[in-house]
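# What the coordinates show
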Amino acid sequence: MPSLVQTALVLLLALAAVPSVRASACRGSEVAYILTMTDTYGDGWNGAVYTFDPSGGATETGTLSNGASDTDTLCLAAADDGECHPFEVSAGSYPTEVGWSIASEGGPEVASGGAPTTASVCFQPPPSPAPSVSPQPSVSVAPSVSPPCDVGLGGPNDGYHTNLLGNYAFEGYDASGAPYYKSEDAGYYLYLYSGDWNVNRKMGQYGYWLGANPASNNPLDVVTWEVYTDGSWIAQPGVAAICATPAPSPGPTTTPAPTETFEPTDPRTFVETAVGLRLAVESATNDANIVLTEDVALTATLVFPSGRTGLALRGGGPENRTTIAGDGTFMLIEVWSTELALEDLVLTGGYTETEFEAGAVGAWYGTVLRARRCTFSHNRGATMGGAVLIGISTAFIEDSLFESNEAIEGSGGAMYVYWNARATILRTTFTNNKAGTSGGGVAFSVNEPSKVDPSIVEDCLFNRNNASTFGGGIDVNMQFTTVHVSATEFHHNHAGQGGGAVSGVNDAIITVTDSAMANNAAGDAGGSAYAAATSLAFDNVSVTDSVAGRAGGGVAIAGDTSSGMFKSTNFGRCNATAVGGAISASSDVAELTIEGGAFGRCTVTEQGGALHVDGTGVLRVAGTSFEDCVVEYSTEPVCLTLTMMNSVGSGWIYGAELFIFRKEDYHGEAVYECSETCQYGGDTWSCDRMDYQKGIDPTMCDADGFGLAANGCDCTGCVCSGYEPPDHTYLHRFALADGFSTTEQVCFERGRGQGEYVILVVDDEYFE
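Note that residues are indexed from 1 along each chain, following the sequence as it is written. pLDDT decides what is reported in this predicted model: residues at 70 or higher carry local features, side-chain atom pairs at 80 or more are listed and counted, and totals for whole chains, interfaces and linings draw on all residues regardless. Only hydrogens and water are removed before side-chain values are computed, so all heavy atoms of the structure are retained for them.

A separate point is the sheet that holds strand β10 (residues 166-173). Only strands that DSSP links by at least two bridges are regarded as paired with each other. Strands are runs of DSSP state E lasting at least 2 residues, helices are runs of H or I lasting at least 4, and numbering of each runs from the N terminus. Read across the open sheet, the nine strands follow the order β16-β15-β14-β13-β12-β11-β10-β9-β17; overall the sheet is antiparallel. Taken across any chain shown, the strands that pair with only one partner, and hence form the sheet edges, are β16 (232-236) and β17 (240-243). Going across the sheet, the axis of each strand differs from the next one's by a mean of 30 degrees, ignoring polarity. Pairing between strand β12 (residues 189-193) and strand β13 (residues 196-200): five bridges, direction antiparallel. In the sheet register, L192 faces β13, and the bridge partner there is W197. To get an axis, a line is fitted to the C-alpha atoms, and for a helix only the part in contact is used. The angle between two axes follows their N-to-C directions and goes from 0 to 180 degrees.

Here is the structure:
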């Protein structure tokens, strides 16, 4: 077998052996066309090969051996120019990276595509040097004087190629006069090709997203977008293209941003019925100020127009909040790429079964949502965001109440802040909200610091929220999502696994300052806070009466990419069943720093009344007091079930045995070999092994087995396992006499200063 180096060398030689026509000059009257080969990853075509078969010339083949792009020359006999000829590109190892195009020298492109390709390419002679008339494209529409708006492409979808969704800025017009757009990260294009709108890294070929739209050169007119996966196109009715930079309103030259207090602007539209509210919403223009004067019951979702600025929907005032109610079958409000302020409203009875939607408000793609003095109550979402979901958007929540909302099977019982979104939550209460997975109050996920600023939670109350897994109050996870919590209280929150008040997993960053956590609980670890692969920092925080089912009554931190910083933080009356009454740090936490705090009256059953650290890492403790933290041992015995197994179902036939010792009574192995041997099957065997194979009673060396006496074996006095400690030294002795497995239950005394035991398995020949 070749080594790894040899294998890699053979592969590279095999790729290099593919013939390539490298910019060869065409002969005589032959016409030259330029083949441009590209690879999006930049490492060549990885085995993909093109084959060009002109009718009047030799077959040409080649590849992009390395790099991101290169060219070859294709030669056509003069008689074949203007005809169609077979052109193929094989798949190779990474077909999605492969691209190609063919153009005449100094002329237009005649074909392009990806891999694999089997096509008939129709070659066109280059245009004359000075054509008298340039024909106008028959399908294209001449661009208007005002350039098209930028396009936002997105919406609820099945999760395929979502990295191609987002905002696309207008770049210019292609050769046919159709506009084309470029994504914000400059990686993808939105363009018209063969009558359809496509999204891909390279223009002039079919993409991974497609909008069938043969009659228009405007992507906003596409009715249904489709995504390509597993060899087929799948319709995505929730995806839409919207104008991301709408033209300014004809009135004022500048639209003022809403003030911090959402002061109304004139004129106001007063409505008092559900029908009137729907008409006002659907016809809203920039700066529309809708005032709802009576409670209404909706029959369907209110969908605000996209691309608007300065919209406001208000109730009757701080002392007379107006209710917008659903019947529990639909989401209440949907917003896309619009500025919307909600004020003095009660939103209740919303529900959705659709992924990436919430029960009350769903805000997507550049939406700026402001909610002030609003109540979100008894809303439910099947997967995420019981009341509010914001995605690729910004939310400002002030002086509001989230109560009794639920994300049935997902995260964010009250609110879900997702996918490069940011929330600022001030003076708001979250109570009795519930999540089927994480974040009983609020869940923050996939909000990269390079794309958005940290989310803020300040001067809030999280009370009696519940999550089935992590973060009874708040959960933060993935892509270094960052949340700063300050001046906030967490009371009576619960998580089924970790972090009764707060949790962070998968590269999260959490800071908590000037806050209090009391009476929170977690089923496994971190009664108040849990951090795995997370940076967790507390400054001037009080953690009291916090309970965990196993580790870290106050806080549990795990993993070698985690760190914990606790400054001026006090832990009181925290309790865990196993380890770390106040703090547990396990699995090689990189750094744990405790400065200027206090630990008092924390208890644990087994180890670390105040603090338990397991594994490698850096631990710093300074200026911290520890008082009345205890380890409480149980006087009840600990019982274990031992399972002895044999992989072939014949028991421990070679004399293996299991011994259990008190640690102080174990003095190492003492092997007693059986001196007698006998010949059996042409080999020499020790008597104890023969007796285990052939003896009638394999638990004793009795020399009564079949064939033993006939072969001269007398095992009287031999030790079957080859190991015989004195009887008084071990507590238990077991063996698997026959079969695949057997179990034995053993119980150990437990008390202060006791409870260390040795379990030893021995065999005369080998273990099995």
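Let us keep going from here.
Further remarks concern the sheet that holds strand β6 (residues 98-104). With antiparallel pairing, the four strands of this open sheet are ordered in space as β4-β1-β6-β7. Two strands in the sheet have a free side with no partner beyond their single neighbour: β4 (69-76) and β7 (109-113). Neighbouring strand axes in the sheet, compared pairwise and without regard to direction, differ in orientation by 20 degrees on average. With eight bridges joining them, strand β1 (residues 31-39) and β4 adopt antiparallel strand pairing. Each residue of the ladder has a partner; that of A32, found in β4, is C75.

Strand direction decides the pairing type here: strand β21 (residues 302-303) and strand β24 (residues 333-336), joined by two bridges, are parallel. Its bridge partner lying in β24, V303 is registered against E334. As defined by bridge partners, β24 adjoins strand β28 (residues 361-364) across four bridges and the pair is classed as parallel. When the sheet's bridge partners are listed, E334 is paired in β28 with G362.

Turning next to the pattern of salt bridges. What counts as a salt bridge is simple: a side-chain nitrogen of Lys or Arg found within 4 Å of a carboxyl oxygen of Asp or Glu. Summed over all chains, the structure comprises 11 salt bridges. Across the pair R427 and D399 runs a salt bridge, and its minimum N-O distance is 2.7 Å. One end of the pair, R427, is in the loop between β37 (422-426) and β38 (429-431); the other, D399, is in the loop between β33 (394-398) and β34 (401-403), with 28 residues separating them in the sequence. Using a relative accessible area of 26% as the deciding quantity, one classes D399 as partly exposed. One network of salt bridges, with partners in common, ties together R314, E343, D344, R372 and R373. Under the scheme applied here, a residue whose accessible area is under 20% of the maximum for its type counts as buried, over 50% as exposed, and between as partly exposed, the area being computed with a 1.4 Å probe on protein chains only.

Turning to a nonpolar patch on the surface, a few remarks are in order. Patch definition: residues above 30% relative accessible area lacking any salt bridge, with like charges linked at up to 9 Å and the nonpolar side chains Val, Leu, Ile, Met, Phe, Trp and Tyr linked at up to 5 Å. To measure how exposed things are, a 1.4 Å probe is used in the Shrake-Rupley method; for residues, cover is taken only from the protein chains shown. On the surface, a nonpolar cluster with roughly 330 Å² of combined accessible area is contributed by V613, L619, V621 and F626. Following the sequence through the fold, L619 ends up in strand β61 (residues 618-622).

The subject of this paragraph is the layout of surface pockets. In this structure, the largest pocket occupies an estimated 850 Å³ of space. Elements with a minimum of two residues in the lining of the largest pocket: β6, β7 and β15 (225-229). Class assignment for the residues of the lining of the largest pocket results in 13 nonpolar, 15 polar and four charged. The distinction between a cavity and a pocket rests on a 1 Å grid over the protein atoms alone: a 1.4 Å probe fits inside a cavity but cannot get out, while a pocket stays open yet meets protein on both sides within 12 Å along at least five of seven lines, and a residue with an atom within 4 Å of a point counts as lining. Grid points are joined across faces, edges and corners, and a volume is the space filled by probe spheres set on the points. We call Asp, Glu, Lys and Arg charged. Ala, Val, Leu, Ile, Met, Phe, Trp, Tyr, Cys and Pro are nonpolar, and the rest, Gly among them, are polar.

With that settled, consider the side chain of T424. One can find T424 in strand β37. With near-sequence residues (within four places) excluded, T424 lies in contact with A395, F396, I397 and I456. Note on definitions: a residue-residue contact is assigned when non-hydrogen atoms from the two residues lie within 4.5 Å.

Most peptide bonds adopt trans geometry, and most residues besides glycine take a negative phi value. Of note, the amide linkage connecting A115 to P116 takes the cis form, showing an omega dihedral of -5 degrees. Tracing the backbone through its elements, the reader meets P116 in the loop between β7 and β8 (117-122). Phi is positive for N420, which is not a glycine, with a value near 55 degrees. Tracing the sequence through the fold places N420 in the loop between β36 (415-418) and β37.

Locating N493 in the fold gives a position in the loop between β46 (489-491) and β47 (494-495). Sequence separation between N493 and N520 is 27 residues; the distance between their C-alpha atoms is 4.9 Å. In this structure, N493 is in contact with F462, N463, R464, N465, G472, G473, G500, A501, N519, N520 and A521, ignoring residues within four places of it in sequence.

Before going further, it helps to spend a moment on the pairing of strand β14 (residues 209-212). For a regular strand, side-chain orientation follows a simple rule: the groups alternate between the two sheet faces. One ladder, built from four bridges, connects β13 with β14; its direction is antiparallel. Its bridge partner being in β14, N198 is matched across the sheet by L210. Pairing between β14 and β15: three bridges, direction antiparallel. The residue of β15 that forms the bridge with W209 is V227.

Once that is clear, we can look at the environment of F599. Looking at the secondary structure, you find F599 in strand β58 (residues 598-600). What makes F599 buried here is its relative accessible area of 1%. With 12 residues separating them along the chain, F599 and L611 place their C-alpha atoms 9.0 Å apart. Once residues lying within four places of it in the same chain are set aside, the contact partners of F599 are F571, A582, I583, I594, A610, T624, S625, F626, E627 and C629.

Turning our eyes to something else, we now look at the environment of N466. Along the chain, N466 falls in strand β43 (residues 466-467). In this structure, the C-alpha to C-alpha distance between N466 and G439, residues 27 residues apart in sequence, is 7.8 Å. Beyond its immediate stretch of four places on either side in the chain, N466 contacts N433, K434, A435, G440, G472 and H494. In terms of polar contacts, N466 uses its side chain to reach the side chain of H494, at 3.0 Å. Here a polar contact means two N or O atoms within 3.5 Å. Within protein one must be a hydrogen donor candidate and the other an acceptor candidate, and residues neighboring in sequence count only if both atoms are side-chain atoms.

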